[in-house]
Amino acid sequence: MNKILVAVLLGGTLLAAPAAFADEARDTLLKTEAQIEALDSADAAMADSVDYQETQLRLQEARDAEAKGHDEESIWRSQEAALHGEIVKEKVKLHALERTVTEIKTGIETLRRELVS
């Protein structure tokens, strides 16, 4: 009787595993989509169009894999898209900082000219 109970529990666990993996794939995909949608596409494309395109490509590959039931591949592609999205996000910040530095330098140069004259 004990062996039957163990077999039933183990069988139930094995049957539930693919469903849990599918949920993880879907959750990962949704999280990544939200992260990428939060990026301002104009800023992202200006800061680094290659990484932004790579982000979009990996996200589409994740969607395609999820639609085909290839959950593991969907998770991988979602994670790749998320990483590219993080790179783009940081490059957007860097681009904004570089603009700020340029504005500060211009302001300092203007002040120096005014002091000399």
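Remember, predicted model here, so these are calculated numbers, not experimental data.

Conventions adopted
- Residues numbered from 1 in each chain as written.
- Predicted model: local features only at pLDDT ≥ 70, side-chain atom pairs only at ≥ 80, totals over all residues.
- Heavy atoms only, no water.
- Helix = DSSP H or I, 4+ residues; strand = E, 2+ residues; numbered from the N terminus.
- Buried < 20%, exposed > 50% of the residue type's maximum accessible area, 1.4 Å probe, protein only.
- Contact = heavy atoms within 4.5 Å.
- Salt bridge = Lys/Arg side-chain N within 4 Å of Asp/Glu carboxyl O.
- Core = buried A, V, L, I, M, F, W, Y, C linked by side-chain atoms within 4.5 Å.
- Expected span 1.5 Å × (residues − 1).
- pLDDT = per-residue confidence, 0-100.

*Asks:* When you look at the overall build of the protein in this model, what are you seeing that I'm missing?
*Replies:* Counting its regular elements, the protein contains three helices and zero strands. Secondary structure elements in the protein, listed N-terminal to C-terminal, are α-α-α. Of all 117 residues assigned to the protein, the portion counted as buried reaches 21%. Considering only contacts within the protein whose residues lie at least 6 apart along the sequence, 74% involve residues at least 24 apart.

*Asks:* Would you explain the environment of Asp71 in this entry?
*Replies:* Within the element layout of this structure, Asp71 appears in helix H3 (residues 71-116). Along the chain, Asp71 and Asp23 lie 48 residues apart, while their C-alpha atoms are 8.7 Å from each other.

*Asks:* What am I meant to see in the pattern of salt bridges here?
*Replies:* Charged atoms that come close allow side chains of opposite charge to pair. A full pass over the atoms with the stated rule returns eleven salt bridges. The closest approach of N and O atoms between Glu61 and Arg77, which form a salt bridge, is 3.5 Å. Residue Glu61 is located in helix H2 (residues 41-67), and its partner Arg77 is located in helix H3; the two are separated by 16 residues in the primary sequence. Taking the shortest distance from any N to any O, the salt bridge between Glu109 and Arg112 comes out at 4.0 Å. Taken as a pair, Glu109 and Arg112 lie in helix H3 at a separation of three residues, close to a single helical turn. Via salt bridges that share partners, Glu54, Arg58, Glu61, Glu73, Arg77 and Glu80 belong to a single interconnected network.

*Asks:* Quick question: what am I supposed to make of the side chain of Arg58 here?
*Replies:* Structurally, Arg58 is set in helix H2. The exposure class assigned to Arg58 is buried, which follows from its relative accessible area of 15%. In this view, Arg58 contacts Arg77, Glu80, Ala81 and His84; residues no more than four positions away in its chain are not counted.

*Asks:* For this particular structure, what's the right way to read the nonpolar core?
*Replies:* In summary, soluble globular proteins display a tendency toward joint burial of nonpolar side chains. Leu29, Ile36, Leu59, Ala62 and Ala81 form the largest nonpolar core, which has five residues in total. Here Leu29 is in contact with Leu59, Ala62, Arg63, Glu66 and Ser78, once residues within four sequence places are set aside.

*Asks:* So what exactly am I meant to see when it comes to H3 here?
*Replies:* Because each turn of an α-helix spans 3.6 residues, side chains separated by three or four positions in sequence point in the same direction. Look at H3: 67 Å from first C-alpha to last across 46 residues, which is about the 68 Å you get at 1.5 Å a residue. Buried within H3 are the following residues: Asp71, Ser74, Ile75, Ser78, Ala81, Ala82, His84, Gly85 and Val88.

*Asks:* Just to check I follow, could you spell out the confidence of the model for the protein for this structure?
*Replies:* Detailed reading of the predicted coordinates is not advisable wherever pLDDT is low. Mean pLDDT over the protein: 81, with 79% of residues reaching 70 or higher. Averaged pLDDT values over the elements of the protein bottom out at 63 in helix H1 (residues 2-37) and peak at 92 in H3. For the stretch residues 5-10, pLDDT sits under 50, and the model shows zero contacts to residues farther than four places along the chain or on other chains. Taken together, the stretch residues 12-17 has pLDDT below 50 and engages in zero contacts with residues farther than four places along the chain or on a different chain.

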